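Now for the letters of each chain:
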Amino acid sequence: MNLRTPVYLDHHATTPIDPRVLETLIRVQRDHFGNPGSGNHAFGWAAARLVEEAREHVAALVGATGREIIFTSGATEANNLALWGVLRAHAPTGGQLVISNLEHEAVAAPAAALVAAGYELAVAPADSQGRVAAAAVQEAMTERTVLVSVIAAQNEIGTIQPVADIGRLCKERGILFHTDAVQAAGRIDLDVEAMGIDLLSLSAHKVYGPKGVGALYVRRKNPRVRLQPLLYGGDQERGWRPGTLNVPGIAAMGEACRLARAEMVAERTRLEGLRDRLLGRLETELTGVVLNGARAGRLAGNLNLSFGGVRAHSLLGALTVLAVSSSSACTRTDSGPSAILTSLGVPDDLARASLRIGLGRFTTTAEVDFAAATIIAAVTKLRAS
Ligand SMILES: *Cc1c(COP(=O)(O)O)cnc(C)c1O
C-alpha cells in the first residue's frame, strides 16, 4: 500500500482545490486580467462575462438567480454582511436577532458584536441530537425579531438543520431568514425558494475551490431584502460589496459550484459508503465509541466520535499520520471541550475525547481503511497505558 501520509481527513476545515477548478483559476488569472468594471473595451467585457457566468453557477447550486448573488472574500464576510447589513438596513433603531447555539464563529461573533452595538440577541438551543427545531426558534422570537440565522449543516458534528421548517416559520411572521450554508452546499439539496431562505452564505474553499472567495445570496423579491454595506468605495455588487472583483477566484468558485451540483448525488453516495465503512470498523473493533450528533440526518462525509477514556489531545498526538481535528479548526488552541458538544449535553470527559473526521471528494477506500487501523491501534494503546 503506497499511501501518502498524513492522510487528509479534515474537509470541514477546508478542501483541496479540484484540479478542474485549478485549471479555471489559472486560465482566468493568466488570460483575463481585465477589470469587469471597464465597460469601454473587450478586456472588461470578457472579465464581466466570466463573472456573470460564475454568478449563474453559484446561484444554480442554491436555486437562486444570478442577480441575487453578491461575491465576497469568503463566508466570514458574507455572514457579517448578512447580519450587520440586514439589521442596520431593516432595523436602524434596534431590533432582535435570533441565532442557534450551533453557529460557527463567523455568525456567533458578529451576533455578539451586534449586541455590543445595542441590538437584542436570543439563542435557540439544539436538542441532544444536534438539531435546532423550528419550535426552539419560535420560542426565542419576540415581536421585535428582525432576522433569524441558523446554520444549514453544522461544521463539527455535521448535523443537518430543519431549514425549510425554520424558513416557513419566518415567512409566517414576516421575519427575514439567513442560513450559513458553507458546509451544506454541494452536499445536500438547497433551494432558497422551497426553503424560504432570504439570505445564504457560501465559501469556495469548502467546495473544492480557492480560498478568499465566497458569496452571499440576497433575495430580491417576496420580500426584497435590503442591506447596509460593510465597506464603501465603489458601485460593484450593487454597492453592497464595493471593490474590484476577484475575477479568477470568482470564475473558479463558479466552476466549483457547477461541479458540486453536477456530482453531488454520486459523491454523497460514495462518501456515505466510506463513512459507514469507517464507522463500522471502529464500532466493531473498539468498545466505548460514541457518535456525537444524530446518526441519520448528517453530512455524508462527517463523523464526530468520542472514545471513552481517551483524551483527544493524546489521541491527536498518536495520530500524526492522520490530519483530523479535535474540534473546529478555529478553536484548535483551546484545550477545553468543544462548546458545540457541551451544548448537546455530551459530558466533559467525552467532549474532550472527541475527534472530528471529514471525508472528501478525493478520499479513497485505502485511506479510510488506513485511518480505521490507525485509530483502533492508537485508542487500544492509550487505553492500555
Ligand atoms: C469555514 C466556515 C466559515 C468561514 O468561511 P471562510 O470562507 O473561511 O470565511 C463559515 N461558516 C462555516 C460553517 C464554515 O465551515
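Residues numbered from 1 in each chain as written. Predicted model: local features only at pLDDT ≥ 70, side-chain atom pairs only at ≥ 80, totals over all residues. Heavy atoms only, no water.

1. Describing the packing of helix α2 (residues 42-61) against helix α7 (residues 247-285)
Two elements in contact, α2 and α7, have axes separated by 8 Å at closest approach and are oriented at 35°. Crossing angle aside, the handedness with which α2 passes α7 is left-handed. Of the residues in α7, those in contact with A47, L50, V51, A54, H57, V58, A60 and L61 of α2 are V247, I250, A251, M253, G254, C257, R258, A260 and R261. For the contact of α2 with α7, the residue count by class is 13 nonpolar, two polar and two charged. (Axes fitted to C-alpha atoms, helices over the stretch in contact; angles between N-to-C directions. Helix = DSSP H or I, 4+ residues; strand = E, 2+ residues; numbered from the N terminus. Left-handed = near helix turned anticlockwise from the far one by under 90°. Contact = heavy atoms within 4.5 Å. Nonpolar A, V, L, I, M, F, W, Y, C, P; charged D, E, K, R; others polar.)

2. Here's the deal with the sheet that holds strand β7 (residues 199-203)
Ordered by their spatial adjacency, seven strands build an open sheet running β2-β8-β7-β6-β5-β3-β4, and the pairing between neighbours is mixed. Of all the strands in the sheet, just β2 (69-72) and β4 (120-124) have a single pairing partner and so form its edges. Adjacent strand axes in the sheet meet at a mean angle of 20°, parallel and antiparallel pairs treated alike. Note: β7 against strand β8 (residues 214-218), five bridges, orientation antiparallel. Each bridged residue has a counterpart across the sheet, and for L202 the counterpart in β8 is A215. (Pairing = 2+ DSSP bridges.)

3. Quick word on the packing of aromatic side chains
By the definition in use, this model includes two aromatic pairs. Taking the centre distance of 5.4 Å and the plane angle of 45° together, the rings of F33 and F43 count as tilted. With F33 in the loop between α1 (19-31) and α2 and F43 in helix α2, this pair connects stretches of sequence that are 10 residues apart. Residue F33 shares its accessibility class with F43, and that shared class is exposed. (Phe/Tyr/Trp six-rings, centres within 6.5 Å; stacked < 30°, edge-to-face > 60°. Buried < 20%, exposed > 50% of the residue type's maximum accessible area, 1.4 Å probe, protein only.)

4. Looking at the sheet that holds strand β12 (residues 354-358)
Read from one edge to the other, the open sheet built from three strands follows the order β9-β10-β12, with strand pairing classed as antiparallel. Sheet topology places β9 (289-291) and β12 at the edges, where each strand pairs with a single neighbour. Within this sheet the neighbouring strands show an average axis-to-axis angle of 30°, counted without direction. In the sheet, strand β10 (residues 302-307) pairs with β12 via five bridges, with the strands oriented antiparallel. Opposite L305, over in β12, you have L355 as the bridge partner. The sheet contacts of α7 involve β9, β10 and β12, and relative to β10 the element is tilted by about 10°.

5. Some words on helix α6 (residues 163-173)
If you check which residues of α6 are buried, you get V163, I166, G167, L169 and C170. Looking straight down α6, one finds that the buried residues subtend no more than 160° of arc, so they occupy a single side. The inward-facing, buried residues of α6 contact α5 (134-140), β5 (145-149) and β6 (176-180). (Arc of directions from axis to C-beta.)

6. Some words on the environment of T374
Structurally, T374 can be placed in helix α11 (residues 365-384). T374 gets classed as buried once you look at its relative accessible area, which sits at 14%. Beyond its immediate sequence surroundings of up to four residues, T374 is in contact with L319, V321 and L322.

7. So, the side chain of S338
Here S338 lies in the loop between β11 (322-323) and α9 (339-343). On the basis of relative accessibility, which here comes to 7%, the residue S338 falls in the buried class. Within the structure, S338 has its side chain in polar contact with the backbone nitrogen of I340 (distance 3.2 Å). (Polar contact = N/O pair within 3.5 Å; in protein donor to acceptor, adjacent residues only side chain to side chain.)

8. What about the side chain of D180?
Its place among the elements puts D180 in strand β6. Of the buried charged residues, D180 lacks a salt bridge, with K206 as the closest side chain of opposite charge at 7.4 Å. Here V182 takes part through its backbone nitrogen, which lies 3.1 Å from a polar atom of the side chain of D180. Filtering out sequence-adjacent residues up to four positions away, D180 remains in contact with N79, H104, V107, V150, I151, A152, A153 and S201. (Lys, Arg positive; Asp, Glu negative; His and termini not counted. Salt bridge = Lys/Arg side-chain N within 4 Å of Asp/Glu carboxyl O.)

9. Considerations on the packing of α1 against α7
The relative placement of two packed helices is expressed as an angle between their axes plus a distance between the axes. Two numbers describe how α1 lies on α7: the axes approach to 8 Å, and their chain directions differ by 155°. Between α1 and α7, the crossing angle belongs to the class labelled roughly antiparallel. Note on packing geometry: the crossing formed by α1 with α7 is right-handed. Contact residues: R20, V21, T24, L25, V28 and Q29 in α1; V247, P248, G249, A251, A252, E255, A256, L259 and E263 in α7. Along the lines of polarity and charge, the residues of the contact of α1 with α7 split into nine nonpolar, three polar and three charged. (Parallel < 35°, antiparallel > 145°, perpendicular 65-115°, else oblique.)

10. Concerning the nonpolar core
Counting residues in each nonpolar core, the largest one holds 69 residues, and the members touching the most others are F71, V137, V148 and M253. The element that contributes the greatest number of residues to this core is α7, accounting for nine residues. There are two domains that each give this core at least three residues, and those are domain 1 (7-16 + 264-384) and domain 2 (19-259). Filtering out sequence-adjacent residues up to four positions away, V148 remains in contact with V98, V137, M141, I166, C170, I175, L176, F177 and H178. Core analysis: the next-biggest nonpolar cluster, separate from the first, contains 30 residues, V7, L274, L282 and L315 among them. (Core = buried A, V, L, I, M, F, W, Y, C linked by side-chain atoms within 4.5 Å. Domains from an automatic or database assignment.)

11. So, the domain arrangement of the protein
Accessible area lost on assembly of the parts is the figure often given for the size of an interface. Assigned domains of the protein: these are domain 1 (7-16 + 264-384) and domain 2 (19-259). Here domain 1 meets domain 2 over a buried area of about 2,600 Å², counting both sides, of which 53% is carbon and sulfur. Seen at the junction of domain 1 and domain 2, the total is zero salt bridges. Residue assignment for the side of domain 1 that touches domain 2 shows that the elements contributing at least two residues are α7, β10 and α9. Class assignment of the residues belonging to the side of domain 1 that touches domain 2 gives a composition of 10 nonpolar, 14 polar and six charged. (Buried area = accessible area lost by both parts, 1.4 Å probe.)

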